[in-house]
Amino acid sequence: MPVPVGPVERRGGPRPRGPRGPAWRRGAAALCAGALPALAFPAPSWWWCAYVALVPWLLLVRGAPTRRRAAVEGWLGGAGYMVAVHHWLFASLHVFVLVLGALLGLLWAPWGVLVRSLLGGAGGPPGPGRAAAALAVVPSAWLLVELVRSWQGLGGPWGVLGASQWQVAPALRLASVGGVWLVSLLVVAVNVAVVVLAVSAAARRAALAALAAGAAAVGAVWAWAPVPQLSGTARIAVVQPGIVSRAAGAPQRRFARSEELTRRVAGDRVDLVVWGESSVTHSLATHPSLGRRLAALSRTVGADVLVNIDAPGTDALGRRGIFKRSELMGPEGPTGPSYDKMRLVPFGEYVPARPLLGWATSVGRAAGQDRVAGRRQVVLPVAVRGGGTLRVGPLICFESAFPDMSRNLANRGAQVLVVQSSTATFQDTWAPAQHASLGALRAAETGRPVVHATLTGVSAVFGPRGEPVGGGLSTARSASAVYAVPTARGATLYDRFGDWAVYGAVAVVAAFCTRRALRGRGRGGPQVRRPLPAPQPRPARTAHGSPARPGR
């Protein structure tokens, strides 16, 4: 019988190669491209690069040979973004950061498919219609990804793209209208417009029109958006003891150093003294001497002292456990209500699904024992010099990353937002500066000044429009500083209307998906492509015959 001879093909066909090289190279490029936006955040703080940092990633995904490949490159780019923005977590979670990055990166897989369908794919470069859709839908879909990953259980809204603009005054004014979410929408839309300008001559007018419209909108917000009116000044002292010691007994030495620094402001006529997170590591109920020392400090400086207690205790509901508690100490001891931290840091303060993920404690510094979350936010009344009252809204650590919490405090009458934090574990990383920068966004959104007080830096104060007040305390400082904090009255549009930008993004994506579904149904449903017939192999020459000489 005839025996065919010739080259033997690899089972399953030849190894697929994208139009720009093998799959592994495209994957590596997606990882690197996704990491680029991290440079817009502190410590580099190259805020300007955020407006073009997504362009390489968008160009790569739009050129993906298949939808599946676009999803993979969306996932890998998202993983690169998450790992780059949270790379400082390697100090405590080690290799587990890569696992978290890979899991959170999956949220960008559908976004990758969407980018390919609107900016590239089988249709080639977008025309004016597709470009206009991309300018609305791609930023909205990005915002939905940020919204989902901002859930506390997934790590919270750390590294939201709009937060990279914390030092840009027009962006802060935009945040007063629609929160950090509106700033994210603008940043992503500019990146999409740059891509359209680069790849489609037919849609350049649409892209330029979109950029002009965006600039006009920002200008209108700058000119007409309501801003809070200054109403007075509060003198607030921030106490930052710094790294006192890492040996046994360090909490006691840190407490003594904080006492010393607090006494230094005794003659400065302050209205409030703020200590950082976990500044007291024993319950005042079991260690009453600490309460007496704090009350004596309050009498010495002539002002209440807001401390943060990280210790076992009981809350107002009778629950027992370890709480992170903001406690206001006056001349006679605790005054008024206390606040228990509501949104705990996953793995840092509790381990989600501990029976399943408890092994994380063996590969990093995950919490050995879960803290107990508080149930409600409170506004603390602080008696100030002259007989008035200053209403203070406390937040603890990464709660300052959640726009809804600061907005809720502002709407409940808080005049000053105070963040008590500690980033000592990440002292020599980008984390302290990133955390402090969030205060500018929360101040601009709510029209309320933010005092960000830490144990080891960076401590900073921001005015009602997000502008810096005085000089910050770096991670190299062990000092106390008094700030003349401007207070304001009135409400921002974000205070009044909240996350309307998020709801708008949901509506845009839902409308787009609905339209696509109806178009598919109108065409009779999805088209099933019949496979092409396999090519017939050419008859091979044999020892007994050939097509030309069949009967040799």
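Described in the following lines is the structure provided in the data block. None of the values given here were measured: they were computed from a predicted structure.

**Section: helix H13 (residues 403-411)**
Inference 1: Along H13, the residues classified as buried are Pro403, Met405, Ser406, Leu409 and Ala410.
Inference 2: Next to the buried residues of H13 lie helix H8 (169-199), strand E8 (339-340), strand E10 (389-396), strand E11 (416-421), helix H14 (431-446) and helix H15 (493-497).
Inference 3: Backbone geometry just downstream of H13 places Gly413 in the positive-phi region, at approximately 105 degrees.

**Concerning the side chain of Glu445**
Inference 1: Structurally, Glu445 is set in helix H14.
Inference 2: From its side chain, Glu445 meets the backbone nitrogen of Val180 in a polar contact 2.9 Å long.
Inference 3: One polar contact links Glu445 to Arg442, side chain to side chain, over a distance of 2.8 Å.
Inference 4: The residues touching Glu445, leaving out its near neighbours within four places in the chain, are Ala175, Ser176, Gly179, Val180, Pro403, Ser406, Thr492, Tyr494 and Asp495.

**Here's the deal with the packing of helix H3 (residues 67-85) against helix H6 (residues 109-119)**
Inference 1: Relative to each other, H3 and H6 sit at 130 degrees, their axes nearing to 7 Å. With respect to H6, the axis of H3 lies oblique. At the point where H3 passes H6, the crossing takes the right-handed sense. Contacts from Arg67, Ala70, Ala71, Gly74 and Trp75 of H3 reach H6 at Ala109, Gly112, Val113 and Arg116.
Inference 2: Of the residues in the contact of H3 with H6, the class split is 5 nonpolar, 2 polar and 2 charged.

**Remarks on the pairing of E11**
Inference 1: Taking burial as the measure, the 6 residues of E11 include 6 buried ones, the bulk of the element.
Inference 2: In E11, alternate side chains face the same way, and those of Val416, Val418 and Gln420 on one face and Leu417, Val419 and Ser421 on the other are all buried.
Inference 3: Of the pairings in the sheet, the one linking E10 to E11 comprises 5 bridges and is parallel in character. Directly across from Val392, in E11, lies its bridge partner Val416.
Inference 4: Tracing the backbone out of E11, into H14 and back to the parallel element strand E12 (residues 450-454) gives a crossover that is right-handed.

How each quantity is defined
- Residues numbered from 1 in each chain as written.
- Predicted model: local features only at pLDDT ≥ 70, side-chain atom pairs only at ≥ 80, totals over all residues.
- Heavy atoms only, no water.
- Buried < 20%, exposed > 50% of the residue type's maximum accessible area, 1.4 Å probe, protein only.
- Helix = DSSP H or I, 4+ residues; strand = E, 2+ residues; numbered from the N terminus.
- Contact = heavy atoms within 4.5 Å.
- Polar contact = N/O pair within 3.5 Å; in protein donor to acceptor, adjacent residues only side chain to side chain.
- Axes fitted to C-alpha atoms, helices over the stretch in contact; angles between N-to-C directions.
- Parallel < 35°, antiparallel > 145°, perpendicular 65-115°, else oblique.
- Left-handed = near helix turned anticlockwise from the far one by under 90°.
- Nonpolar A, V, L, I, M, F, W, Y, C, P; charged D, E, K, R; others polar.
- Pairing = 2+ DSSP bridges.
- Right-handed = clockwise from strand over helix to strand, strands pointing away.

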